[in-house]
Structures are given as C-alpha cells and as structure tokens.
Amino acid sequence: MKNQTIIRVVLLILFITAISMLHYLTPLHLHYLHDIFQRLYYLPVILSAIWFGLRGGLACSLAVSVVYAPHILFQWGGQLTLELEKYLEIVLYNIVGGVTGLLAQRERERSIELQKTADGLEISYKKLQEQSEQILAIEENLRRAEKLSTLGEMAAVLAHEIRNPLGSIRGTAEILRDDYKPGDPKYEFIDIQIRETERLNRVVEDFLRMARPLPTDMARCRVQAELETVAQLVANDARERRVSLILDSPADDLVVKGDGDKLRQAFLNIVINSLQATPEGGRLAISSTLSRTDDAHGMCEIRFCDTGAGIDAETLPRIFEPFYTTKADGTGLGLAITRKIIEGHGGSLHVESTVGHGTTILVKLPALQAR
Ligand SMILES: Nc1ncnc2c1ncn2[C@@H]1O[C@H](COP(=O)(O)OP(=O)(O)OP(=O)(O)O)[C@@H](O)[C@H]1O
Ligand SMILES: [Mg+2]
C-alpha cells in the first residue's frame, strides 16, 4: 500500500514536471501548443483527486498553480487583462481538483461502508448457518436418544422374556445331542439349534448392553493397554483372515477416565467390523495420539484404519443406527453400542471411508493427565 502511494506521487510529479517543461521550453508564438499544454494539467489534477481524495486533488491543483504561475508572469508578461484566460484556468484547476477529490472521497467512503455491511452480513450468515447446523445435530441426537430409550425399555422386557427360555432350550438341546453321535444328521440339527440359540442369546445380551445405564465403573484407564488386549483377542481371527494387525505405540502415555470393560468392548466392535470388512486379506492399523485442545488435557484420538471394502455414501450415514446392518448374520447393534459407550465417556466417533480402499474410524476421548 505504502509503495503504491509512493509510485503514484512520483508519477504525478513526473507528469507535472513534464507538462511544465513543455510550457517553459516551447516558444510563445506556438500559442496553440500552449493551449493544449494548459489543458494537459487537468490530467494529474484529476488523477490525484481520484487516488488521494479531496486533499490529494487540492494539493495537486495548488502544485500545478505554483509551477504554472511563473510561466504566466515572466514568460507571458503577466498582464491581468491580456492573460485573464490563463489566470481563470488556474482557478479552474483548483475547482476541478477540489470537486473531483470530494466526489472520489465520498465514493470511497461509501464503498468502505458497503464493504463493512457486506462483511457484517457474511458474519451473520455464517452464524446463522452454524446455528442451524447445531439445531440439526441436536435434533438428530434427540431422535437417536428417543430411539435408544425406547429400545432400552424393550430390551429389559425382552431380556426377561427371552433369556430364561433360551437357557432351557439350549440346556435341553445339549442333553438331546448327547444321544447322537457326531455325523448323525440329527446331531447336526441339534448342533444348529444350539448355535442358533447362542446367536439369539448374543442378540439379547447386546440389547441388554444398550439398556444398561452407562458408564458404571469409572477409573483411570490406559488406552494402549485396552488396545493391546483387544489386539490379542482378535489376533487369531486376523491371522485367519490374512489381515496384518498393526498396533502403533503412542508417543504419549494416553490415559482416560472410563470403564475399561466398556471401552474394550467399544474398540472390539470397531476392530471386528474392520476384520469383517477385509475378507481378502489386508491391513488394520490402530494408532493413538494426543491432540491438544484449549481445555485442560486435550483429547485422545484413536484411529482404526482398515484397507477393507469401505462404506458407500448411502450406507455411511446409517451405520450407527441400531439394527442397521449389511451383513447376513449381523445384528446391526455393534456400532450403536460403541457410540453409546464412547459418548457416555464424553467422547465422539467419526468415520471416513472410501469404497474399495478402506475405512477409518476415529474415536475421540477426553484425556486425563498421565502419571
Ligand atoms: N470398517 C468397516 N468397513 C466397512 N463397513 C463397515 C465397517 N464398520 C461398519 N461397517 C458397516 O456398518 C454396518 C453396521 O455396523 P455394526 O457394527 O453396527 O453392525 P454389524 O457389524 O452389521 O452387526 P454386529 O456388529 O451387530 O454383529 C455394518 O453392517 C457395515 O455395513
Ligand atoms: Mg459390527
């Protein structure tokens, strides 16, 4: 900005000097040329007014008057009656400089005002947009909470009504199975019966987990220790699926306040999903970092990065819905439970996925100071 001003001032000075030289050096009998040079002075005056406003316009017209006056006085004789037109021209330089400067200045002030209004409007628009996004998010949370609380009530009733008879069915089926030898078709049927009962029992258990108030046993938990346990639990499964499981060691010892069992369950659900999404072998990398925030201890960010099938755009917004599943034998409760656990710990879950490349699940949990 400063440089631009300097360049403009230098330009004006050069301009005025050049026109004045033409005046002073051109013989007086070429009066028609002098008439042209006289009008040329308007150019720097108007330019200066546009660039620098009222003060710029007047300063330039005065400068022009000062350099032009000696030419009238000493070269043309300076007689008022003979050179009246030249004196009037000097008056006109100043009027033009002043008026143009004033107009340019007003225009500039108005455009600054307009810019300010536009900026203000933009800020208000952004605020409105943020607020409406917040409202949408709250609405979504409310809807989810409503769904989950109805589910919770149902789960409690279902658990009572289904679990006990299930236990009896399984028990009697096991007794019946003992009457047959493996390989006998009836043995196989009863085996299927037992397996399916177990599956049904798992569904009920999952229901129950959703219904139970969360979290209960809050204590200091080392995130890495929980992740190591999860990695051990799934090591076999990963090997069978030819998925290399990589658990990074974090730079900081990450500690959160939480219920270790529940957190482990949440991590396990995520890891199992990743393994299931990687049927043809691949990689699952688990890493955790501490991201500093303004509040006391920052957030633990735990990333589960798989090279599985990925999630398409239609499925992505639904994966946390209870009972939403794309698997033939899935219950669709894994991620709903996971989200409930993580949010019960004051954390949040985020997903990024590219079909054919893989999925990253990011878990954020409020960190405690490591000791
Ligand atoms: N890592 C992942 N890669 C690809 N798809 C995933 C991944 N994680 C979740 N999904 C998708 O999200 C859906 C919901 O997952 P969720 O864990 O809630 O249920 P599920 O795995 O289908 O069943 P459950 O976990 O109850 O046995 C899955 O069916 C799957 O389509
Ligand atoms: Mg699952």
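Rules used in this analysis
Residues numbered from 1 in each chain as written. Chains lettered and ligands numbered in written order. Predicted model: local features only at pLDDT ≥ 70, side-chain atom pairs only at ≥ 80, totals over all residues. Heavy atoms only, no water. Helix = DSSP H or I, 4+ residues; strand = E, 2+ residues; numbered from the N terminus. Rg over C-alpha atoms; globule rule 2.2 N^0.38 Å. Buried < 20%, exposed > 50% of the residue type's maximum accessible area, 1.4 Å probe, protein only. Expected span 1.5 Å × (residues − 1). Bend = angle between axes of the 7 residues up to and from the residue. Contact = heavy atoms within 4.5 Å. Near = heavy atom within 4 Å. Polar contact = N/O pair within 3.5 Å; in protein donor to acceptor, adjacent residues only side chain to side chain. 1 Å grid on protein atoms, 1.4 Å probe; cavity = no way out; pocket = protein on both sides within 12 Å on 5 of 7 lines; lining within 4 Å. Sits in = over half its atoms within 2 Å of the grid points. Nonpolar A, V, L, I, M, F, W, Y, C, P; charged D, E, K, R; others polar. Core = buried A, V, L, I, M, F, W, Y, C linked by side-chain atoms within 4.5 Å. Points joined across faces, edges and corners; volume = space filled by probe spheres on them. Salt bridge = Lys/Arg side-chain N within 4 Å of Asp/Glu carboxyl O. Domains from an automatic or database assignment. Patch = residues over 30% accessible without salt bridge, like charges linked within 9 Å, V, L, I, M, F, W, Y side chains within 5 Å. Areas by Shrake-Rupley, 256 points an atom, 1.4 Å probe, with all protein chains shown as cover.

Enquirer: Would you explain the overall build of the protein chain in this entry?
Expert: What the protein chain contains, in helices and strands, is eight helices and seven strands. Computed over C-alpha atoms, the radius of gyration of the protein chain comes to 41 Å, more than 25% over the 21 Å expected from 2.2 N^0.38 for 371 residues, which places it beyond the range of a compact globule. Based on the C-alpha atoms only, the size of the protein chain along its principal axes is roughly 140 × 45 × 40 Å. Residue burial in the protein chain is summarised as follows: out of 371 residues, 33% are buried.

Enquirer: Explain helix α6 (residues 223–240) here, please?
Expert: Think of an α-helix as 3.6 residues a turn; residues three or four steps apart then line up on the same face. Here α6 is 18 residues long and its end C-alpha atoms lie 26 Å apart, about the 26 Å a rise of 1.5 Å per residue gives. A bend of about 50° at Val234 is the largest found in α6. Restricting attention to buried positions, one finds in α6 the residues Val223, Gln224, Glu226, Leu227, Val230, Ala231, Val234 and Ala238. Its buried side turned inward, α6 meets β1 (219–222), β2 (243–247), β3 (255–258), α7 (260–276), β4 (282–291) and β5 (299–306). In the stretch just after α6, Arg242 is the one whose phi turns positive, near 60°.

Enquirer: Sorry, what's going on with the site of ligand 1 here?
Expert: Taken together, 19 residues lie near ligand 1, and Asn273, Thr325, Thr326, Lys327 and Thr331 sit nearest. At 2.5 Å from an oxygen atom of ligand 1 is found a side-chain nitrogen or oxygen belonging to Thr325. At 3.2 Å, a backbone N or O of Gly334 approaches an oxygen atom of ligand 1. Of the pockets mapped on this structure, ligand 1 occupies the largest pocket. For the shell around ligand 1, the secondary structure elements donating two or more residues are α7 and α8 (334–344). The biggest single contributor to the shell around ligand 1 is α7, with three residues. Each residue belonging to the shell around ligand 1 can be placed in one class, and the counts come to six nonpolar, 11 polar and two charged.

Enquirer: Would you mind going over the environment of Arg8 with me for this structure?
Expert: As for its placement among the helices and strands, Arg8 is situated in helix α1 (residues 2–25). Separated by 40 residues in sequence, Arg8 and Ser48 have C-alpha atoms that sit 8.2 Å apart. Not counting residues up to four positions away in its chain, the partners in contact with Arg8 are Trp51 and Phe52.

Enquirer: It is not clear to me how α8 should be interpreted in this structure. Could you clarify?
Expert: Within α8, burial applies to Leu335, Ala336, Ile337, Thr338, Arg339, Ile341 and Ile342. Positioned one or two residues after α8, Gly346 has a phi angle of 80°, which is positive.

Enquirer: Which parts of the structure should I look at to understand the nonpolar core?
Expert: Most often, soluble globular proteins have nonpolar side chains that are buried together. Within the largest apolar cluster, 33 residues are counted, with the highest numbers of intra-cluster contacts made by Leu263, Phe267, Val271, Ile302, Phe304, Val363 and Leu365. If you list the elements that add at least two residues to this core, you get α6, α7, β4, β5, α8 and β7 (358–368). Per-element accounting of this core gives the leading share, six residues, to α7. Beyond its immediate stretch of four places on either side in the chain, Val271 contacts Val230, Val234, Leu284, Ile286 and Phe304. Core analysis: the next-biggest nonpolar cluster, separate from the first, contains 12 residues, Ile16, Tyr41, Val45 and Tyr68 among them.

Enquirer: How should I be thinking about the layout of surface pockets in this particular structure?
Expert: It is the rolling of a water-molecule-sized probe over the atoms that shows where space remains empty. Here the largest pocket defines a volume of roughly 1100 Å³. Taken together, 38 residues form the lining of the largest pocket, with Ile272, Asn273, Gln276, Lys327 and Gly334 sitting closest to its centre. For the lining of the largest pocket, the elements supplying multiple residues, two or more each, are α5 (185–211), α7, α8 and β7. Its residues placed into classes, the lining of the largest pocket shows 15 nonpolar, 14 polar and nine charged.

Enquirer: Could you clarify how one ought to interpret the pattern of salt bridges in this entry?
Expert: It is possible for side chains of opposite charge to pair when their charged atoms get near one another. Scanning all chains against the criterion turns up 20 salt bridges. A salt bridge links Glu107 to Arg110; the nearest nitrogen and oxygen atoms lie 3.6 Å apart. Here Glu107 and its partner Arg110 are both found in helix α4 (residues 84–177), three residues apart, which amounts to about one turn of the helix. The exposure class of Arg110 is exposed, given its relative accessible area of 53%. A salt bridge links Arg303 to Glu301, with the shortest nitrogen-to-oxygen separation between them at 3.4 Å.

Enquirer: Would you explain the domain arrangement of the protein chain in this entry?
Expert: For interface size, the figure often reported is the accessible area lost on association. Along its sequence, the protein chain is carved into domain 1 (2–120), domain 2 (139–211) and domain 3 (219–368). Each of domain 1 and domain 3 has a C-alpha centre, and the two are 74 Å apart.

Enquirer: Sorry if this is basic, but what is going on with a nonpolar patch on the surface here?
Expert: The grouping of Val91, Leu92, Ile95, Val99 and Leu103 at the surface amounts to a nonpolar patch, some 440 Å² of accessible area in total. Position of Val99 relative to the elements: it lies in helix α4. By relative accessible area, Val99 is classed as partly exposed at 47%.

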